[in-house]
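Summary of the model geometry
What follows is the residue order along each chain.
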Amino acid sequence: MIRTAIENDSADGTVLSNIKSTLKPILKTVAACVTLGTGNSLGPEGPSVEIGVSVAKGVCKVLDKGARRKLSLRAAGSAAGISSGFNAAVAGCFFAVESVLWPSPAESSLSLTNTTSMVILSAVIASVMSEIGLGSEPAFAVPVYDFRSPSELPLYLLLGVLCGLVSVGLSKSTSFMLVVFDGIQRVGIPRAVLPILGGLSVGLIALAYPEILYWGFQNVDTLLESLPFANSLSADLLLQLVAAKIVATSLCRASGLVGGYYAPSLFIGGATGMAYGKIVGQLISESNPMFHLSILEVASPQAYGLVGMAATLAGVCQVPLTAVLLLFELTQDYRIVLPLLGAVGLSSWITSDKTRKRAIDDARELKNGNNAIATSRGRYSYDSRVNSTSSDTNELNGNSICELESSLCLNDDSDDDADYLASEILVSEAMKTKYVKALMSTSLTDVVSLMLEEKQSCAVIVDDNNQLVGQLTISDIQQFIELSRAKGRKPQVLSVSELCSSSGARCSVSWIATPNMSLFSARSLMNRHGIRQLPVITEDANCGGCPVGLLDRESVDLACR
């Protein structure tokens, strides 16, 4: 409620704006402390990364406003967050590379040497400060484990597949809960009440499964049986804990409670690996007396638990190198590297198509963009997907990695100055007014010639009344040619209508922009749906639906610069 009041405050001035920017991360930190302190099923590492990035943004505003320096400081801040959270400096460095530097456009980064040195120094300093304040012990106690033989590697690969499927289940559960809480909010329940409902639901689940609550990493120690005289949990109970933890974590995230997915991922992975190890060990022990083969000996369940933690972390958060380095840094055992690499690689590969990185929508983006976008979609229905409310909800609440862990998308979240600038620019000021226009009866040869002449990769398709029908890209034409060659068809001169009719989805326009829409809204729409070009149509009463321009990423970047 306090944050909403701050965002809705219309007071101007540089000082007040800086105070607002400072208060937001402070409020989020307090919210994370309350969330985790009351035992909700999230973790502190995500907020730690966001705090580090917020500090980096503040330093950048005071010292330097260059875009390249901002990226380096953002990477350094994220590395510091992971290093202090897990007391693992090497993993923090690789996290910054995977989550900030690799997803960034090449032209926005400094030289690799300068950026890497900043990241390393930040990770080391953060880790040292964490040791001074919290001690030098690792985040969780590494249990006693062993590896029997290289012949076990297929078992670890199978564990990687299982952890990948569990990661997909967590993603799907979170998406479903987001839709549920969105429906609850539409009924009329205030947004500020939703975290109370989430905490109540988690508390009810914890009555049956108290292990799902956040106790630091003590519950992970319990799973791995790391502590002396720890009670051994059965495989059946471990599988129940996996399901309960997935539901509880999804409830916390969807209800608006503040925390990260790193600690829950480690818990879920540890429970999955331990259950898998116990089941495999029991099956092997029952079959071994029949065959008496030493090759059938398997490691302890703790070894599978450790590998399962890394594999699930990589699957959920899409940081495979960080997951491998984190477990290696904590165990300091080279024998675990090969099973780790295999399981983590498979888990990350399974989930890579299920959780795609997408620009996270902050509150202003949703507030500024959705009204204009919804108006455009409601009025012009060029594609059946445009008017579907359910599909829109699924798209907004889809399997985005940013919905799972917002700290992984801080690189996509541009600074406040750039967002403010984009919100002040209209699409009409940035769109290209010189573009390729074609009728359905136009031959493909002529369309390609016009594209080459105008140096455009997209053509806007209109009917005889100059109404927007669709758009045709070079990729559409290339796919059509390859498909024709594969079917053994002879080359012939075709019209645009024949190409578009060959595939239902081809040439359709699912999303559009209007001249009076803010560039911030249009950019958000392009980022959210992975669109490279947006046709711009007029809302004039005499010629509603007539194209007046074309907006692409190049024109958006040029206008903002």
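These numbers come from a predicted model, not from an experiment. (Residues numbered from 1 in each chain as written. Predicted model: local features only at pLDDT ≥ 70, side-chain atom pairs only at ≥ 80, totals over all residues. Heavy atoms only, no water.)

1. Examining the overall build of the chain
Regarding its fold elements, the chain presents 24 helices and 5 strands. Here the chain holds 561 residues, and 48% of them are scored as buried. Per element, the accessible surface of the chain, about 26,300 Å² overall, is 60% carbon and sulfur. (Helix = DSSP H or I, 4+ residues; strand = E, 2+ residues; numbered from the N terminus. Buried < 20%, exposed > 50% of the residue type's maximum accessible area, 1.4 Å probe, protein only. Areas by Shrake-Rupley, 256 points an atom, 1.4 Å probe, with all protein chains shown as cover.)

2. Section: the side chain of Thr-312
As for its position among the elements, Thr-312 is in helix 12 (residues 301–317). Given the relative accessible area of 1%, Thr-312 is considered buried. Look past the residues within four positions of Thr-312 in its chain and what remains in contact with it is Cys-163, Ser-167, Ser-265, Ile-268, Gly-269 and Ser-347. (Contact = heavy atoms within 4.5 Å.)

3. Concerning the packing of aromatic side chains
One pass over the structure, following the stated rule, counts 5 aromatic pairs. Plain terms: the ring middles of Phe-86 and Phe-217 are 6.0 Å apart, the flat faces sit at 50 degrees to each other, and that makes the pair tilted. Taken together, the residues Phe-86 in helix 4 (residues 67–86) and Phe-217 in the loop between helix 8 (194–208) and helix 9 (218–224) connect sequence positions 131 residues apart. Assigned by exposure class, Phe-86 and Phe-217 land together as buried. Both rings, one in Phe-95 and one in Tyr-262, keep their centres 6.0 Å apart while their planes meet at 75 degrees; by these two values the pair is edge-to-face. Taken together, the residues Phe-95 in helix 5 (residues 89–101) and Tyr-262 in helix 11 (residues 262–291) connect sequence positions 167 residues apart. For the pair Phe-95 and Tyr-262, a shared accessibility class is recorded, and that class is buried. Pairwise contacts between aromatic rings join Tyr-156, Tyr-276 and Tyr-304 into one cluster. The ring of Phe-267 carries the charged tip of Lys-245 above its face, separated from the ring centre by 4.8 Å. (Phe/Tyr/Trp six-rings, centres within 6.5 Å; stacked < 30°, edge-to-face > 60°. Lys NZ or Arg CZ within 6 Å of the ring centre and 35° of its normal.)

4. A look at the packing of helix 23 (residues 519–529) against helix 24 (residues 553–560)
Helices that pack against each other are described as a pair by the angle of their axes relative to one another and the distance between those axes. Axis separation between helix 23 and helix 24 bottoms out at 11 Å; the angle between their running directions is 140 degrees. Along this stretch, helix 23 crosses helix 24, giving a crossing that reads as left-handed. Of the residues in helix 24, those in contact with Leu-519, Arg-523, Met-526 and Asn-527 of helix 23 are Arg-553, Val-556, Ala-559 and Cys-560. Looking at the contact of helix 23 with helix 24 residue by residue, the classes come out as 5 nonpolar, 1 polar and 2 charged. (Axes fitted to C-alpha atoms, helices over the stretch in contact; angles between N-to-C directions. Left-handed = near helix turned anticlockwise from the far one by under 90°. Nonpolar A, V, L, I, M, F, W, Y, C, P; charged D, E, K, R; others polar.)

5. Digging into unusual backbone geometry
Even without glycine at this site, Gln-318 takes up a positive phi of about 55 degrees. The residue Gln-318 is located in the loop between helix 12 and helix 13 (320–331) in this model.

6. Structural notes on the packing of helix 12 against helix 13
Two numbers describe how helix 12 lies on helix 13: the axes approach to 8 Å, and their chain directions differ by 155 degrees. The angle between helix 12 and helix 13 falls in the class roughly antiparallel. When you trace helix 12 past helix 13, the crossing you get is right-handed. Every residue of helix 13 that contacts helix 12 at Leu-306, Ala-310, Leu-313 and Ala-314 is listed here: Pro-320, Ala-323, Leu-326, Leu-327 and Thr-331. Its residues assigned to classes, the contact of helix 12 with helix 13 comprises 8 nonpolar, 1 polar and no charged. (Parallel < 35°, antiparallel > 145°, perpendicular 65-115°, else oblique.)

7. Notes on the pairing of strand 2 (residues 458–462)
In terms of burial, strand 2 is largely enclosed, as 5 of its 5 residues are buried. Burial along strand 2 is two-sided: the face carrying Cys-458, Val-460 and Val-462 and the face carrying Ala-459 and Ile-461 are both buried. Bridge analysis of strand 1 (residues 436–439) against strand 2 gives 4 bridges, and the strand direction is parallel. Each residue of the ladder has a partner; that of Ala-438, found in strand 2, is Ile-461. What joins strand 1 to strand 2 is helix 20 (residues 444–454), and the crossover it makes is right-handed. Once strand 2 ends, the chain turns through 5 residues before running back antiparallel as strand 3 (residues 468–473), passing Asn-466 with a positive phi of about 65 degrees. (Pairing = 2+ DSSP bridges. Right-handed = clockwise from strand over helix to strand, strands pointing away.)

8. With respect to the confidence of the model for the chain
Chain-level statistics for the chain give a pLDDT mean of 78 and a share of 78% at 70 or above. Under a pLDDT of 50 for its full length, residues 354–399 has, in the predicted model, 110 contacts with residues more than four places off or in other chains. (pLDDT = per-residue confidence, 0-100.)

9. Here's the deal with the pattern of salt bridges
Considering all chains together, one arrives at 6 salt bridges under this definition. The shortest N-O distance in the salt bridge between Arg-186 and Asp-182 comes to 3.1 Å. A residue pair is termed a helical-turn pair when its members lie 3 or 4 positions apart in one helix, as Arg-186 and Asp-182 do in helix 7 (residues 153–187) at 4 residues. Owing to a relative accessible area of 61%, Arg-186 belongs among the exposed residues under this scheme. Measuring nitrogen to oxygen at the nearest pair gives 2.8 Å for the salt bridge that ties Lys-432 to Asp-552. One end of the pair, Lys-432, is in the loop between helix 19 (427–430) and strand 1; the other, Asp-552, is in strand 5 (residues 547–552), with 120 residues separating them in the sequence. In this structure Lys-432 comes out as partly exposed when scored by relative accessible area, which is 22%. (Salt bridge = Lys/Arg side-chain N within 4 Å of Asp/Glu carboxyl O.)

10. Topic: the sheet that holds strand 1
The mixed open sheet is built from 3 strands, whose spatial order is 1-2-3. Each edge of the open sheet carries a strand with a single partner, namely strand 1 and strand 3. Averaged over all pairs of adjacent strands, the angle between their axes in this sheet comes to 30 degrees, without regard to strand direction. Along the sheet face, helix 20 touches strand 1, strand 2 and strand 3 and points at about 170 degrees away from the line of strand 1.

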